[in-house]
Amino acid sequence: MTSFLRDLSLPAVAAGFLAVLVSYAGPLAIFFQAGASAGVSQEMMTSWVWAISLGAAVSGMVLSFWLRAPVVTAWSAPGTALLVTLFPDLSLNEAVGAYLTAAVITLVIGLSGSFDALVRAIPRGVAAGMMAGILFQFGASAFTAIDGSPALALGMLAAYLLGRRCWPKYSLILLLLTGIGLAVALEGASLAGLRWELATPQLIKPEWSLAATLSLALPLVLVSLSGQFLPGMAILQGAGYRVPARPVLAVTSLASLPMALFGGISIVVAAITAAICAGKDAHEDPGRRYVAGVFNGVFYLVGGLFAGTIVSLFTSLPVAFVAVLAGLALLGAIGGNLAAALEQPKGREAALIAFIVTASGLSLFGLSSALWGVVFGLTAHLVLDGRIALPRARPAADGEKAS
């Protein structure tokens, strides 16, 4: 605990908060769509948000403190998108049963160590190209938002550039505060109706069926591994953290099991918001950025306890605010991954293909573009360079991190 207090810094705390803000204000919208499809009450919707927030809070704090790396966790956004298409034909009880099944399958995959082997087999340039492709759309959205809300978007852009020029360590804090102020002043965002009210979780009895297993549990495992764990682990590897996938998959799966009983979908490694906490804006010293992961969990815990209040707060902010905030916060991560992808001339074409395919949003057979980016990038790498280099060095110890 003494070392944690010594490593504590305001930029790391701010990065953790910003990552939670982006998660609530962005991917949470898909959760509301799923709730509307299922026809659940506001109380049940609050229970869902409580469950995913608490699961992300506990797993993120444990993993970040344990591994001394900014391991940011969240709920499965692509998995949530599946729910929108399955409700109301699928009952809520069957969905909970499928959540439990998916968590057990993911736990087995994690403990087997097979996912670690997959992550190590992907060339660094291809992984960086995939990550740049995922993040690119967020960067582009920050500037397309100028069309609909020019004053808000340009004001936030000016605050970001001023912060980067004068106070680089606190530029994201300035961006956040400026954005909220402009949203209230220019976009009519109102915080008057917010109330502090503790969430009440609702217990749901699980039911198992073959249809739910085939239509939700198995696809949930697939999209979570390909669309969340794979790019999330790639972010950590790209930032220099030699974090093994085994403890990450194990802890997130164990956190998913009890939360499923209250409507929480699978807890996974965050792909987008992880880049905020793993970058230089969180701290110049990579060894102290784990604080951002810990505080990301702390803010998720607060969000879960006051789920109804937090949901009202973030949904009261305009869409343009969320787009600009996320895009500008991820500029550093986009540039870093592009530089890593194109660094080596020998693997540049394969990395570029991985970037373009991922950025295209291709969803062939319902699989995420992140997975197809890796598939096409690896294929190009094999054709152009002839082999995939499987590292033979010993796996990094659980507590090992970047120096």
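Here, the structure is the one placed above.
Residues numbered from 1 in each chain as written. Predicted model: local features only at pLDDT ≥ 70, side-chain atom pairs only at ≥ 80, totals over all residues. Heavy atoms only, no water.

A.B. asks: Kindly report on the packing of aromatic side chains, identifying the contributing residues and their values.
C.D. replies: Under the counting rule described, the total for this entry stands at 11 aromatic pairs. Arranged with centres 6.1 Å apart and planes meeting at 55°, the rings of Phe4 and Tyr290 form a pair that is tilted. Of this pair, Phe4 sits in helix α1 (residues 2–7) while Tyr290 sits in helix α14 (residues 290–305); the two residues are 286 residues apart in sequence, bridging distant segments of the chain. Owing to a relative accessible area of 9%, Phe4 belongs among the buried residues under this scheme. Judged by its relative accessible area of 0%, Tyr290 falls in the buried class. Between Phe17 and Phe299, the aromatic rings sit 5.2 Å apart at their centres with planes inclined by 75°, giving edge-to-face as the arrangement. With Phe17 in helix α2 (residues 10–25) and Phe299 in helix α14, this residue pair connects regions lying 282 residues apart in the sequence. Judged by relative accessible area, which is 30%, Phe17 ranks as partly exposed. Seen from the ring of Phe65, Arg68 lies directly overhead, with NZ or CZ sitting 4.4 Å from the centre. (Phe/Tyr/Trp six-rings, centres within 6.5 Å; stacked < 30°, edge-to-face > 60°. Helix = DSSP H or I, 4+ residues; strand = E, 2+ residues; numbered from the N terminus. Buried < 20%, exposed > 50% of the residue type's maximum accessible area, 1.4 Å probe, protein only. Lys NZ or Arg CZ within 6 Å of the ring centre and 35° of its normal.)

A.B. asks: Give me empty space enclosed by the protein: which residues, what numbers.
C.D. replies: Applying the stated criterion to the full structure yields 3 cavities of 30 Å³ or more. Taken as a whole, the largest cavity holds about 80 Å³ of empty space. What lines the largest cavity is simply Ala102, Ala103, Thr106, Leu220, Val221, Ser224, Phe229, Ser253, Ser256, Ser266, Ile267 and Val268. Secondary structure elements with two or more residues in the lining of the largest cavity: α6 (92–112), α11 (210–238), α12 (245–260) and β2 (267–269). Examining the composition of the lining of the largest cavity, we find that 4 residues originate from one element, α11, more than from any other. For the lining of the largest cavity, the class distribution of residues is 7 nonpolar, 5 polar and no charged. (1 Å grid on protein atoms, 1.4 Å probe; cavity = no way out; pocket = protein on both sides within 12 Å on 5 of 7 lines; lining within 4 Å. Points joined across faces, edges and corners; volume = space filled by probe spheres on them. Nonpolar A, V, L, I, M, F, W, Y, C, P; charged D, E, K, R; others polar.)

A.B. asks: Break down a nonpolar patch on the surface for me, with residues and values.
C.D. replies: Where nonpolar side chains cluster on the molecular surface, the patch consists of Ile353, Leu362, Leu364, Phe365, Val375 and Phe376 and spans about 520 Å² of accessible area. Mapped onto the elements, Phe376 comes out in helix α19 (residues 369–385). We classify Phe376 as partly exposed; its relative accessible area is 37%. (Patch = residues over 30% accessible without salt bridge, like charges linked within 9 Å, V, L, I, M, F, W, Y side chains within 5 Å. Areas by Shrake-Rupley, 256 points an atom, 1.4 Å probe, with all protein chains shown as cover. Salt bridge = Lys/Arg side-chain N within 4 Å of Asp/Glu carboxyl O.)

A.B. asks: Describe the packing of helix α4 (residues 42–67) against α12, and please don't skip the residues or the numbers.
C.D. replies: Contact pair α4 / α12: the axes reach a minimum separation of 9 Å and the direction vectors enclose 155°. Classified by the angle their axes make, α4 and α12 are roughly antiparallel. As for how α4 packs across α12, the hand of that crossing is right-handed. Residue-level contacts link Trp50, Ala51, Leu54, Gly55, Ser59, Leu63, Trp66 and Leu67 of α4 to Pro247, Val248, Val251, Thr252, Ala255 and Met259 of α12. (Axes fitted to C-alpha atoms, helices over the stretch in contact; angles between N-to-C directions. Parallel < 35°, antiparallel > 145°, perpendicular 65-115°, else oblique. Left-handed = near helix turned anticlockwise from the far one by under 90°. Contact = heavy atoms within 4.5 Å.)

A.B. asks: A description of the side chain of Thr358 should follow, citing residues and the corresponding values.
C.D. replies: Residue position: Thr358 is located in helix α18 (residues 348–360). Of the polar contacts made by the side chain of Thr358, one reaches the backbone oxygen of Ala354; its length is 2.7 Å. (Polar contact = N/O pair within 3.5 Å; in protein donor to acceptor, adjacent residues only side chain to side chain.)

A.B. asks: Describe in detail the packing of α11 against α12, supporting the description with residues and values.
C.D. replies: Between α11 and α12, the shortest axis-to-axis distance is 11 Å and the interhelical angle comes to 135°. Judged on the interaxial angle alone, α12 and α11 are oblique. In terms of crossing hand, the pair formed by α11 and α12 is right-handed. Residue-level contacts link Leu225, Phe229 and Met233 of α11 to Ala245, Val248, Leu249 and Thr252 of α12. Classifying every residue of the contact of α11 with α12 by side-chain character gives 6 nonpolar, 1 polar and no charged.

A.B. asks: For the environment of Asp89, give the residues involved together with the corresponding values.
C.D. replies: Here Asp89 lies in the loop between α5 (77–86) and α6. Under the relative-accessibility criterion, Asp89 is labelled exposed at 74%. Along the chain, Asp89 and Ala38 lie 51 residues apart, while their C-alpha atoms are 8.5 Å from each other.

A.B. asks: Got a sec to walk through α6? Specific residues and values, please.
C.D. replies: Taking 1.5 Å of rise per residue, 21 residues should cover 30 Å, and α6 covers 31 Å from first to last C-alpha, within 8% of that figure. Just past α6, the residue Gly113 takes up positive phi, approximately 80°. (Expected span 1.5 Å × (residues − 1).)

A.B. asks: Describe the pattern of salt bridges, listing the residues and the values that go with them.
C.D. replies: Applying the stated criterion across every chain yields a total of 1 salt bridge. Across the pair Arg288 and Asp7 runs a salt bridge whose closest N-O atoms are separated by 3.8 Å. Taken together, the residues Arg288 in the loop between α13 (273–278) and α14 and Asp7 in helix α1 connect sequence positions 281 residues apart. Residue class for Arg288 comes out partly exposed when judged on its relative accessible area of 21%.

A.B. asks: Describe unusual backbone geometry, with residues and values.
C.D. replies: A positive phi is found at Arg68, a non-glycine position, where the angle reads about 55°. Inspection of the secondary structure assignment puts Arg68 in the loop between α4 and β1 (73–75).

These results come straight from atomic positions and should not be treated as a statement about function.
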